[in-house]
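Next come the chains, spelled out residue by residue.
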Amino acid sequence: DGDGQSEHLLPVCEDEKCQRSAIYLTKLGLDQWIPVLQDFRNKDTVWGFVPYQNDKSSAEISFPITLHIGDYNMDGYPDALAILKNTSGSNQQAFLLENVPCNNVSCKSVRRMFRVFWELSDLNQIKDAVVATFFDIYEDGILDIIVLSKGYSNKDFAIHTLKNNFEADAYFVKVIVLSGLCSNDCPRKITPFGVNQPGPYIMYTTVDANGYLKNGSAGQLSQSAHYALQLPYNVLGLGRSANFLDHLYVGIPRPLGEKSIRKQEWTAIIPNSQLIVIPYPHNVPRSWSAKLYLTPSNIVLLTAIALIGVCVFILAIIGILHWQEKKADDREKRQEAHRFHFDAM
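Residues numbered from 1 in each chain as written. Predicted model: local features only at pLDDT ≥ 70, side-chain atom pairs only at ≥ 80, totals over all residues. Heavy atoms only, no water.

*Asks:* Would you explain the overall build of the chain in this entry?
*Replies:* For the chain, the count of helices and strands is two helices and 20 strands. Along the longest, intermediate and shortest principal axes, the C-alpha atoms of the chain span 125 × 65 × 45 Å. Out of the 345 residues belonging to the chain, those deemed buried represent 38%. In the chain, which carries 32 positive and 36 negative side-chain charges, the distance between the mean positions of the two groups comes to 4 Å. (Helix = DSSP H or I, 4+ residues; strand = E, 2+ residues; numbered from the N terminus. Buried < 20%, exposed > 50% of the residue type's maximum accessible area, 1.4 Å probe, protein only. Lys, Arg positive; Asp, Glu negative; His and termini not counted. Charge placed at Lys NZ, Arg CZ, Asp CG, Glu CD.)

Shown next, in the form of structure tokens:
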């Protein structure tokens, strides 16, 4: 919900055959689970999660109910991908669950809810989908979709990739927190990069286009089971606000028994950039370093075109005024020459 704190999502089947499905949410300060999606009806068809079959004697592979989280439209509110099955048939497909403002009483306390995006034709064409997740195929900060579906037999699978055609020029920041370790003793004057690690937490604060404070947060590799398929980095959507990130906080897990928080802050982070954080040494956050890589957006080209257009317009006005002034000077010279000859006579 954009408050800078992570919530716990729980997709459930409310009966044995998953005729009724729901997604519940809880967060710090709540003493109950709040439903954020219960309406799985599309026209006359009712969909639901695919129930997990724990039958080892069956040849068919069953996948646990899993939500894959990612900010599809980069509005700062994370969306989700889920596999849903037609309760009155056998077809199962991948669907995008869009994070939208709450419009009913049940989720009023959390202000946000999920809505199934039924109209994505590309996803609807992939039948018998079993796993769907987000992946930045083009490394441009926009999350695309990968779908795994059954082939001609239960043991064959096909991988489909769908490019995200979301055209709004929204902004993002991509953050990856490395481990800051070497395979052995690090040589002097060489900063140990290491590899991505599970557990880091990233949070930012900025001001949106309307001047309101906007927060966002995410955990890096927060899940390791149930076909998590998470990216090794986090892509945080910023919406259409091109403002700098006022504060970006990065924290890493600390050893058992240690009380000091391992957290560092960076300020004035440029949007559409990738930040690589190297937490070395782990117990001295002020010594952590960060490398910033920029990804120019379409607005850079549009700004350049607008600037060139303004310059050409100003030059045209200057040229017209200069030409009019030159004509006035020539006219004045002729009048002066005529007056000279008239006086001479």
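*Asks:* What is the right way to read the UniProt feature "domain: T-cell immunomodulatory protein TIP C2" (unreviewed entry) in the chain from this model?
*Replies:* Residues annotated in UniProt with the feature "domain: T-cell immunomodulatory protein TIP C2" (unreviewed entry) correspond here to residues 192-293. With 0% helix and 44% strand, residues 192-293 has end C-alpha atoms that lie 19 Å from one another. (UniProt positions renumbered as here; feature names shortened; annotations may be inferred.)

*Asks:* Can you walk me through the domain arrangement of the chain in this structure?
*Replies:* When the parts of a complex come together, some accessible area is lost, and that lost area is often taken as the interface size. Domains assigned within the chain are domain 1 (7-168), domain 2 (172-295) and domain 3 (302-344). A straight line from the C-alpha centre of domain 1 to that of domain 2 covers 27 Å. Counting residues at the interface gives 19 residues for domain 1 and 17 residues for domain 2. Of the roughly 1400 Å² buried between domain 1 and domain 2, counting both surfaces, carbon and sulfur atoms make up 59%. In this structure, the salt-bridge partner of Glu139 is Lys174, at a minimum N-O distance of 3.0 Å. Where domain 1 touches domain 2, the interface holds eight residue pairs in polar contact (both at pLDDT 80 or more). (Domains from an automatic or database assignment. Contact = heavy atoms within 4.5 Å. Buried area = accessible area lost by both parts, 1.4 Å probe. Salt bridge = Lys/Arg side-chain N within 4 Å of Asp/Glu carboxyl O. Polar contact = N/O pair within 3.5 Å; in protein donor to acceptor, adjacent residues only side chain to side chain.)

*Asks:* Mind showing me how you'd approach the nonpolar core here?
*Replies:* Burial of nonpolar side chains together is a common tendency in soluble globular proteins. Formed by 26 residues in total, the largest nonpolar core has its most connected members in Leu81, Ala94, Leu123, Phe134, Ile145 and Val147. Elements that contribute at least two residues to this core include exactly β7 (79-86), β8 (92-101), β10 (129-135), β11 (144-150), β13 (171-177) and β19 (273-278). Looking at this core, the element that brings in the most residues is β10, giving three residues. Mapped onto the domain boundaries, this core takes at least three residues apiece from domain 1 (7-168) and domain 2 (172-295). Contacts of Val147, omitting those with residues within four sequence positions, involve Ala94, Leu123, Ile126, Ala129, Val131, Ala132, Ala158, Ile159 and His160. One finds Ile34, Ala82, Leu84 and Leu97 within the second-largest nonpolar core, a separate group that totals 22 residues. (Core = buried A, V, L, I, M, F, W, Y, C linked by side-chain atoms within 4.5 Å.)

*Asks:* I'm lost on the sheet that holds strand β2 (residues 21-26) in this one. Help?
*Replies:* Neighbouring strands of a sheet are bound in pairs by backbone hydrogen bonds; such pairs are parallel or else antiparallel. One open sheet accounts for three strands, arranged β1-β2-β3; its pairing is antiparallel. A single partner strand is all that each edge strand has here, and the edge strands are β1 (8-13) and β3 (34-37). Recorded for the sheet is a direction-independent mean angle of 40 degrees between the axes of neighbouring strands. (Pairing = 2+ DSSP bridges. Axes fitted to C-alpha atoms, helices over the stretch in contact; angles between N-to-C directions.)

*Asks:* Before we go on, may I ask you to explain the sheet that holds β11 in this structure?
*Replies:* Pairing within the open sheet is antiparallel, and its three strands lie in the order β10-β11-β12. Edge positions in the sheet fall to β10 and β12 (157-162), since each of these pairs with one other strand and no more. On average, adjacent strands in this sheet sit at an angle of 20 degrees to one another, irrespective of strand direction. Pairing geometry for β11 and β12, over six bridges, is antiparallel. Bridging from a neighbouring strand, Lys150 pairs with Phe157 of β12.

*Asks:* Looking at this structure, how should I read the side chain of Gln264?
*Replies:* In this fold, Gln264 is placed in strand β18 (residues 263-269). We classify Gln264 as buried; its relative accessible area is 18%. For Gln264, the side chain forms a polar contact with the main-chain oxygen of Pro285, separated by 3.5 Å.

*Asks:* Please clarify how the side chain of Lys174 should be interpreted in this entry.
*Replies:* Here Lys174 is to be found in strand β13. Here Lys174 falls in the buried class, since its relative accessible area comes to 2%. In this structure, Lys174 is in contact with Asp136, Glu139, Gly141, Tyr233, Asn234, Val235, Ser273, Gln274 and Leu275, ignoring residues within four places of it in sequence.

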